[in-house]
Amino acid sequence: MTRREELTEDQWNVLAPLIPESTRRSDGRGRPEVHDNRAVLNGILWILRTGACWADLPDRFPSGSTCFRRFSRWVKDGVLRKILETLARHLEEVGQIDLSECFIDGTFVLAKKGAQKLGKTKRGKGTKLMVIADATGLPLAVHTSSASPHEVTLVEATLDETITVGRPKRLIWDRAYDSDPLDCLLAKQGVELIAPHKRNRKRAVTQDGRALRRYKRCWKVVHLFAWLNKFKRVLTRWDRCADRYTSFVHLALSMILLRRYL
């Protein structure tokens, strides 16, 4: 991460009001924090983009321990999740998020250490990262889980993580989501499931061929994963704590949304 990749003035002006300022302990004990939030966030973004460990932070950033402590506090307080929600809801208000057709997909994330929400698969131990994208490919929801369960069982939990005020009207993906129980469950929530039928399906056809044309645009969520994979700390999971890993994902998605502001 070069200096040109650090937060610009315009980016920081958007993010600064969303990050709480550090406060001293009520008893006056402890060292005062000498590094401002912008410097620390630049250090965290360097970790996010490179996938390096905290001890490898270049000298132009605050120390790795400083950045890690501040990041851990933000994770505990839900700051990074709130940033993502605020950015998404603003874009929703100004009409830049389209909920008319949304796309869902999951990807396997290899975990290099023992961790929370870890499951065994044929590809090894890892985490399942579920994402929903809107009609333009912008993120709407993200959910992390053990890699063991089938993606169909994680759809409802992923919808519960929606960061916009509105919810998707249509949810589209491939044959893996051809499930009548899931179809009924989503219909009760006002969400239309659009997925091609499996070739070996024996039950009556339920999908409308006209609606299935929307399936041709499912590449949009694939592009979202391609953007996410540029953040190496998301591509491979090094964090034992599930909340820390999820917060890295939230920060990466926030940086993707931030492109629409500038």
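Throughout what follows, the structure given in this document is the object of discussion. (Residues numbered from 1 in each chain as written. Predicted model: local features only at pLDDT ≥ 70, side-chain atom pairs only at ≥ 80, totals over all residues. Heavy atoms only, no water.)

1. Focus: the overall build of the protein
Cut-off, in case you're wondering: Helix numbers and strand numbers start at the N terminus; a helix is a DSSP run of H or I with at least 4 residues, a strand a run of E with at least 2. Accessible area is worked out with a 1.4 Å probe on protein chains only. A residue is then buried under 20% of its type maximum, exposed over 50%, and partly exposed in between. Contacts are residue-level and defined by heavy atoms, with any inter-residue pair within 4.5 Å sufficient. Only the protein chains shown count as cover for residues, and the accessible areas themselves come from Shrake-Rupley with a 1.4 Å probe.
A tally of regular secondary structure across the protein gives 9 helices and 6 strands. Buried positions account for 49% of the 262 residues belonging to the protein. Relative to all contacts within the protein whose residues are 6 or more apart in sequence, the contacts with residues 24 or more apart total 64%. Surface accessibility of the protein: about 13500 Å² in total, with carbon and sulfur atoms responsible for 49%.

2. Here we look at the layout of surface pockets
Using the following cut-off: Cavities and pockets are found on a 1 Å grid laid over the protein atoms alone: a cavity is a set of points where a 1.4 Å probe fits but cannot escape, a pocket is an open set with protein on both sides within 12 Å along at least five of seven lines, and a lining residue has an atom within 4 Å of such a point. Grid points are joined across faces, edges and corners, and a volume is the space filled by probe spheres set on the points.
Size it by volume and the second largest pocket reaches roughly 180 Å³. Together, 15 residues line the second largest pocket, and Thr 144, Glu 161, Asp 243, Thr 246 and His 250 are the ones closest to its centre. Per element, the largest residue contribution to the lining of the second largest pocket is 4 residues, and it comes from helix α9 (residues 242–258).

3. Details of the nonpolar core
Put simply, the test is: What we call a nonpolar core is a set of buried Ala, Val, Leu, Ile, Met, Phe, Trp, Tyr and Cys residues that are connected through their side-chain atoms within 4.5 Å.
Grouped together as the largest cluster of nonpolar side chains are 73 residues, with contacts concentrated most on Leu 41, Ile 44, Leu 129, Leu 171, Tyr 177, Leu 228 and Val 234. A total of 10 residues in this core trace back to one element, the largest contributor, which is α9. Once residues within four sequence positions are removed from consideration, Ile 44 is found in contact with Trp 54, Cys 67, Phe 71, Trp 74, Phe 248 and Leu 251.

4. Some words on the packing of aromatic side chains
Note the following rule: In this analysis, rings of Phe, Tyr and Trp, with Trp reduced to its six-membered ring, are considered paired at centre separations within 6.5 Å, and the interplanar angle assigns stacked below 30 degrees, edge-to-face beyond 60, and tilted for intermediate values.
Enumeration over the complete set of coordinates arrives at 5 aromatic pairs. Taken together, Trp 54, Phe 68, Phe 71 and Phe 248 form an aromatic cluster joined through their ring pairs.

5. Focus on the pattern of salt bridges
Oppositely charged side chains are able to pair whenever their charged atoms sit close together. Stated precisely, the cut-off is as follows: Salt bridge, as used here: a side-chain nitrogen of Lys or Arg that lies within 4 Å of a carboxyl oxygen of Asp or Glu.
This structure, assessed with the given rule, holds 7 salt bridges. We note a salt bridge from Glu 9 to Arg 38, for which the minimum N-O separation is 2.9 Å. Taken together, the residues span a long stretch of sequence, with Glu 9 in helix α1 (residues 9–15) and Arg 38 in helix α2 (residues 37–50) at a distance of 29 residues. When salt bridges that share partners are traced, they join Arg 81, Glu 85 and Glu 161 into one network.

6. Regarding the side chain of Asn 37
What counts is decided by this rule: Between N or O atoms, a polar contact is any pair within 3.5 Å; within protein, one atom must be a potential hydrogen donor and the other a potential acceptor, and residues adjacent in sequence are included only when both atoms are from side chains.
With respect to the helices and strands, Asn 37 occurs in helix α2. One polar contact links Asn 37 to Arg 70, side chain to side chain, over a distance of 2.8 Å. Here Asn 37 is in contact with Trp 12, Ile 19, Pro 20, Glu 21, Ser 22, Arg 70 and Trp 74, once residues within four sequence places are set aside.

7. Section: the side chain of Thr 162
Locating Thr 162 in the fold gives a position in the loop between α5 (155–159) and β5 (170–172). There is a polar contact of 2.5 Å between the side chain of Thr 162 and the backbone oxygen of Leu 159. For Thr 162, the residues in contact, after removing those within four places along its chain, are Arg 81, Leu 140, Ala 141 and Pro 168.

8. Observations regarding the environment of Val 142
As for its position among the elements, Val 142 is in strand β4 (residues 139–146). Leave out the neighbours within four places in its chain, and Val 142 touches Leu 129, Met 130, Val 131, Glu 161, Val 249, His 250 and Leu 253.

9. Focus: the environment of Asp 239
By the element assignment, Asp 239 lies in the loop between α8 (232–235) and α9. Residue classification places Asp 239 among the buried residues on the basis of a relative accessible area of 8%. When residues no more than four places from it in sequence are discounted, the contact partners of Asp 239 are Ala 115, Arg 233, Arg 244, Tyr 245 and Phe 248. One polar contact links Asp 239 to Arg 233, side chain to side chain, over a distance of 3.3 Å.

10. Side note on the pairing of β4
Cut-off, in case you're wondering: Strands were regarded as paired on the criterion that DSSP finds at least two bridges between them.
Counting buried positions along β4 yields 8 of 8 residues, so the element is predominantly enclosed. Across 7 bridges, the pairing between strand β3 (residues 124–133) and β4 is antiparallel. Within β4, the position partnered with Met 130 by the bridge is His 143. Where β3 hands over to β4, the hairpin turn is made up of 5 residues, of which Gly 137 adopts a positive phi near 95 degrees.

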